[in-house]
Amino acid sequence: DSKEAAARSAAKVVAKSDELKEQKAKLERASSDLEALKKDDESALVALSNELDEVKEYATKFEAATQAERDRLELLRNERTEARIAHLEKRKSDLGAIEDARRGDVDNLRELRAYLGEMREKRVAIEEAEIILDENGDEVEAKSDDGGYDDRDDMVNEAAGSPAVQRG
């Protein structure tokens, strides 16, 4: 009986040993699989980390390019605004010069009107004082061919009565 008990005990030990060997093999396979998964995860982590770095670098470059474009557009807008202001100031200056020239023209026309008035008075005085002599040297009264109407009177009256002279 003791041999049988020893044989049963040995069979149990061998069965337990086989079971332990089998569990050890499973554990080694699981450890090997775990190590492979760790390596895969490490590789994936490195790849994702590199991809993240690339995305961050791209985002940084994109933000810099976007800011540069914003700055360029702001500069263009400022230049355009400055050009518009300069153009408006030049137009304002030109309008001032034109207004000054108009005032000068009006003043000149007033002076011309006064001058023409003086000249008309002098002409009338000269015509009144003009002595016309006939063939014998005797004084003859001066008469106008058109009943006292003279083209010079027309020019003086038109210039004196023009809207540009009267406006000022």
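Worth saying up front: this structure is predicted, and the values here are computed from it rather than measured.

## What about the overall build of the chain?
Here's step 1: Scanning the chain from N- to C-terminus turns up three helices and two strands.
Here's step 2: Counting helices and strands in the order they occur from the N terminus, the chain gives α-β-β-α-α.
Here's step 3: Looking at the chain residue by residue over its 168 residues, the buried ones come to 4%.
Here's step 4: Pairs at least 24 residues apart make up 60% of the contacts formed inside the chain by residues separated by at least 6 positions.

## Digging into the pattern of salt bridges
Here's step 1: Counted according to the given criterion, the structure contains ten salt bridges.
Here's step 2: Measuring nitrogen to oxygen at the nearest pair gives 3.0 Å for the salt bridge that ties Glu99 to Arg102. Here Glu99 pairs with Arg102, and both are found in helix H1 (residues 2-129), just three residues apart, close to one helical turn.
Here's step 3: Residue classification places Glu99 among the partly exposed residues on the basis of a relative accessible area of 31%.
Here's step 4: The residue Asp107 makes a salt bridge to Arg110 at a minimum N-O spacing of 3.8 Å. One end of the pair, Asp107, and the other, Arg110, are both in helix H1, three residues apart, so they sit about a helical turn from each other.
Here's step 5: Among the residues examined, Arg110 registers a relative accessible area of 36% and is labelled partly exposed.

## What to know about the confidence of the model for the chain
Here's step 1: Here the chain averages 85 in pLDDT, while 79% of its residues score no lower than 70.
Here's step 2: Put simply, helix H3 (residues 163-167) is where the chain has its lowest mean pLDDT, 49, and H1 is where it has its highest, 93.

Rules used throughout
Residues numbered from 1 in each chain as written. Predicted model: local features only at pLDDT ≥ 70, side-chain atom pairs only at ≥ 80, totals over all residues. Heavy atoms only, no water. Helix = DSSP H or I, 4+ residues; strand = E, 2+ residues; numbered from the N terminus. Buried < 20%, exposed > 50% of the residue type's maximum accessible area, 1.4 Å probe, protein only. Contact = heavy atoms within 4.5 Å. Salt bridge = Lys/Arg side-chain N within 4 Å of Asp/Glu carboxyl O. pLDDT = per-residue confidence, 0-100.

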